[in-house]
Amino acid sequence: PCGARIIYNGIEPQPFIQAGAERKPSDRLRLVYFGGLAAHKGVHTAIEALGLLRDRGQADGLALTLIGGGHPDYEAHLRRLATERGVERLVHFHGRVPRDEVPHLLAECDVFLFTSIYEEPIARTVMEAMASGLAVIASPVGGQREMLEDGVNALTFPPGDAEALAERILKLRDAPALRERLAEAGRKTVLERFTLDRMVDEIEAWLQEIVA
């Protein structure tokens, strides 16, 4: 009888690699989140982390771009939160964009924040950020546990923990060499394990086994 097999999903990495190769240095640490703006995605944690850093006088040189849309009430909550925490000038709401614009937008950033607070299936956004050459700070929820290695190809933090996220943002701001090492390892992770070609090859091989 045929047994079950885990075949990870994958992405086409080349558009992200090519756009990322054109990344220009900046005197700021450009943080980015892209995906749905919904409470279970934990985007508020990123704004809270910036607020903590601002309260301590440690938010200099930081900027956060939010790419995507979601429920109007939650987006309004995020905007209010940014104002209440005094970081409205650090947070840019970019809104929804066509998929083909994402590689170029990621190439304008340095660090991807994955903030989900629910057991999210393995996320394509993390793969795309890694392929783009961004360092990743992520909550290791759901399928991400099978992809992320803390201190190797990403920095991880407990879901919903703004204090821990703030600490990791500072760590990457102050350690460019670590940022570069994580980005390089992240791209390698995608190319070795999470490409669309690899996914198709594994599916075809599995189907051939079944037929045989």
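Summary of the structure given here. (Residues numbered from 1 in each chain as written. Predicted model: local features only at pLDDT ≥ 70, side-chain atom pairs only at ≥ 80, totals over all residues. Heavy atoms only, no water.)

1. Here's the deal with the packing of helix H5 (residues 124–131) against helix H7 (residues 176–193)
Right, so step 1: One can describe the packing of H5 onto H7 by two numbers: an axis separation of 7 Å at closest approach and a directional angle of 120°. As summarised for this structure, H5 and H7 are arranged oblique, according to the angle between their axes. Every pair of crossing elements has a handedness; the one defined by H5 and H7 is left-handed. Judged by residue contacts, Met127, Met130 and Ala131 of H5 engage Ala183, Gly186, Arg187 and Val190 from H7.
Right, so step 2: For the contact of H5 with H7, a count of residues per class yields five nonpolar, one polar and one charged. (Axes fitted to C-alpha atoms, helices over the stretch in contact; angles between N-to-C directions. Helix = DSSP H or I, 4+ residues; strand = E, 2+ residues; numbered from the N terminus. Parallel < 35°, antiparallel > 145°, perpendicular 65-115°, else oblique. Left-handed = near helix turned anticlockwise from the far one by under 90°. Contact = heavy atoms within 4.5 Å. Nonpolar A, V, L, I, M, F, W, Y, C, P; charged D, E, K, R; others polar.)

2. Observations regarding the pairing of strand S5 (residues 135–138)
Looking along a regular strand, one sees the side chains alternate between the two faces of the sheet.
Right, so step 1: Because side chains alternate across S5, one face comprises the buried residues Ala135 and Ile137, and the other comprises Val136 and Ala138, equally buried.
Right, so step 2: Summarising the sheet, strand S4 (residues 111–114) and S5 pair through four bridges and their orientation is parallel. Paired with phenylalanine 114 across the bridge in S5 is alanine 138.
Right, so step 3: The β-α-β motif built from S4, the intervening H5 and the parallel element S5 has right-handed crossover chirality.
Right, so step 4: Here S5 pairs with strand S6 (residues 155–156) via two bridges, running parallel. Bridge pairing in S6 places alanine 138 opposite threonine 156. (Buried < 20%, exposed > 50% of the residue type's maximum accessible area, 1.4 Å probe, protein only. Pairing = 2+ DSSP bridges. Right-handed = clockwise from strand over helix to strand, strands pointing away.)

3. Some details on the sheet that holds S4
Strand pairing within a sheet occurs via backbone hydrogen bonds; the two strands may be parallel or antiparallel.
Right, so step 1: What the six strands build is an open sheet, ordered S3-S2-S1-S4-S5-S6; its pairing is parallel. What marks the edges here is a single partner per strand, and that holds for strand S3 (91–95) and S6.
Right, so step 2: Pairing of strand S2 (residues 62–67) with S3 involves four bridges; the strand directions are parallel. Looking at S3, one finds that leucine 66 is bridged to phenylalanine 93.
Right, so step 3: Across the sheet, helix H2 (residues 43–55) touches strand S1 (29–34), S2, S3 and S4, and the angle it forms with S2 is around 165°.

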